[in-house]
Amino acid sequence: MRIQNYLNGQLVPPHAGRYLDNVDPATGQVYGQIPDSDATDVAAAVAAAEAALPAWRKLPAEDRGRLLVKIADLIDANLERLARAESQDNGKPLSLARAMDIPRAASNFHFFGTAAGHFATEAHVQEGVAVNYTVRHPVGVVGCISPWNLPLYLFTWKIAPALAVGCCVVAKPSEITPATAFLLSELCIEAGLPAGVLNIIHGNGPSCGQAIVEHPGIKAISFTGGTATGRHLAATAAPMFKKLSLELGGKNPNLIFADCDLAAAVATSIRSSFANQGQICLCGSRIFIERPIYEAFKTEFLRQLQDQKIGDPLEADTKQGALVSEAHLHKVLDYIKLAHEEGGTLLAGGHRATVPGRCEGGYFLEPTVFENLPFDCRTNQEEIFGPVVTLTPFDTDEEALMMANSTDYGLSATIWTSNLTRAHRVAHQLHSGIVWINTWLHRDLRTPFGGMKNSGVGREGGLEALRFFTEAQNVCVKLTTD
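This structure is a prediction, so every number in the text was calculated from the model and none was measured. (Residues numbered from 1 in each chain as written. Predicted model: local features only at pLDDT ≥ 70, side-chain atom pairs only at ≥ 80, totals over all residues. Heavy atoms only, no water.)

With respect to the overall build of the chain
Of the regular secondary structure elements, the chain holds 15 helices and 24 strands. Rg of the C-alpha trace for the chain: 23 Å, near the compact-globule value of 23 Å for 482 residues, within the 12% margin. Dimensions along the principal axes, computed over C-alpha positions, put the chain at roughly 75 × 60 × 40 Å. Counting across all 482 residues of the chain, residues that qualify as buried make up 59%. Considering only residue pairs separated by 6 or more positions, the chain has 74% of its internal contacts joining residues 24 or more positions apart. (Helix = DSSP H or I, 4+ residues; strand = E, 2+ residues; numbered from the N terminus. Rg over C-alpha atoms; globule rule 2.2 N^0.38 Å. Buried < 20%, exposed > 50% of the residue type's maximum accessible area, 1.4 Å probe, protein only. Contact = heavy atoms within 4.5 Å.)

Pasting the structure below:
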């Protein structure tokens, strides 16, 4: 399959005619090509977006919303096609793409499509003197750059609120997982989205992504990806006074207290450790367990881990698919080697896995568990972004919080306890933008999403996303005459 750019309402080849190979992680084989776009393609996309902006921002919010809901309905109608494309592109189990990635992408368009008509202005009355009211104008043409781990899910989470408030978008999906963004282009054409309102340009970060960040016509950047890339992006965009929303890395703690529902804590911790092969920024890779239940938790965790079948992503009972690329596989294997060097005790996994048949050359890795590692070693401080977790006992709430807060990251955390007072107290002391209590990855699109410290700048989701893509203007009307 040869993917094309979505530019000014049409599917077109890259200006320079260059393409990149697209690899199926489950087989290790090239199965398609994607545009290797550059600054010329980005400039054309910005020009198309600027031309479309006046009419799109003037369109009533309800009309914009109807178009977004129509795209949501088309995503739902093409669930199986999109899920298969996501699984092949990313290596994740088809069952996961079918149950989470694609439905959540549809929800993004539906939520922000309906929210468009409910984004209220504010008024402040000075009795008998003046009325101040706040108008939120679309910021203009914006750039949305999304990662490879949840391709369509996170891509649409950025695009939908930008379109809802009247912005036009130049978007770049990851060059590693471009397939569903291309299929979204086709659905936008089918839905009748006006030309130039959304432009999807494929290419790598240094040539295509950097061109988006550098272009003076793009007024805001929404980026999800690694912290190092986010730092570079901010260094480029900040002197240009662009608005920035950066959702970056995580090294998330799970705090398991002795009074928890042990069965629920173990089952959910398996999922929060290894879902999507550990390639979710919200995965809990550091599991801290109160000492009285440490051995019981470890025993049951390792027992349930045996049920995490590694296999062909297309098979219904596969729980662990392939890592997204050969380079990423070797990065995670290097961290496993480091964990051994730092004195960790390997409890499970630790090796590349072989899946017979068509997937024999795929990038599979056994879910891996270590214990006896210091809380401040590199394995416990640096983002691995793969199916590797550590188990560490603690004795007091204070010790658990100290270890949980010890990294440069602060994206999410999970608490398992039946003590409501402790749950709130500990949550408020965690340096994490998101805290789940007795659950994980529970999503409410109305809530703010983002991290503290090196895990990002700003918040996505709900009103936070709508505010980010707008500029607030205050209008003061005097009610009295001097």
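Once the structure has been displayed, the description carries forward.
So, the sheet that holds strand β6 (residues 130–138)
Strand order across the open sheet formed by 3 strands is β5-β6-β24, with antiparallel pairing between neighbours. With one partner strand each, in any of the chains shown, β5 (122–126) and β24 (470–478) form the two edges of the open sheet. With direction set aside, neighbouring strand axes in the sheet form an average angle of 20 degrees. Inspection of the sheet shows β5 paired to β6 by 5 bridges, in the antiparallel sense. Note that in β6 the partner of Glu122 across the bridge is Thr134. (Pairing = 2+ DSSP bridges. Axes fitted to C-alpha atoms, helices over the stretch in contact; angles between N-to-C directions.)

As for the packing of helix α2 (residues 61–77) against helix α6 (residues 179–191)
One way to put it is that α2 packs onto α6 with a least axis distance of 9 Å and a crossing angle of 125 degrees. Accordingly, the angle class assigned to the pair α2 and α6 is oblique. Relative to α6, α2 is oriented so that their crossing is right-handed. Here α2 contributes Leu67, Lys70, Ile71, Leu74 and Ile75 to the contact with α6, which in turn contributes Leu184, Leu187, Cys188, Glu190 and Ala191. (Parallel < 35°, antiparallel > 145°, perpendicular 65-115°, else oblique. Left-handed = near helix turned anticlockwise from the far one by under 90°.)

Structural notes on the UniProt feature "domain: Aldehyde dehydrogenase" (unreviewed entry) in the chain
Summarizing the sequence annotation, UniProt attributes the feature "domain: Aldehyde dehydrogenase" (unreviewed entry) to residues 18–475 in the numbering used throughout. With 41% helix and 22% strand, residues 18–475 has end C-alpha atoms that lie 50 Å from one another. (UniProt positions renumbered as here; feature names shortened; annotations may be inferred.)

Describing empty space enclosed by the protein
Enumeration according to the criterion identifies 4 cavities of 30 Å³ or more in this entry. Put simply, the largest cavity is a space of about 110 Å³. Lining the largest cavity we find 15 residues, and of these Gly250, Gly278, Cys283, Ser285 and Phe385 sit closest to its centre. (1 Å grid on protein atoms, 1.4 Å probe; cavity = no way out; pocket = protein on both sides within 12 Å on 5 of 7 lines; lining within 4 Å. Points joined across faces, edges and corners; volume = space filled by probe spheres on them.)

Looking at the sheet that holds strand β14 (residues 345–348)
Overall, mixed pairing links the 7 strands, which are arranged β14-β17-β18-β13-β12-β20-β21 in an open sheet. Edge positions in the sheet fall to β14 and β21 (434–437), since each has one partner strand and no second. The sheet shows a mean angle of 25 degrees between the axes of neighbouring strands, direction not considered. One ladder, built from 3 bridges, connects β14 with strand β17 (residues 368–371); its direction is antiparallel. Within the sheet, the bridge partner assigned to Leu346 lies in β17 and is Phe370. Contacting β12 (252–256), β13 (284–290) and β18 (388–394), helix α13 (residues 397–404) runs over the sheet at an angle of about 150 degrees to β18.

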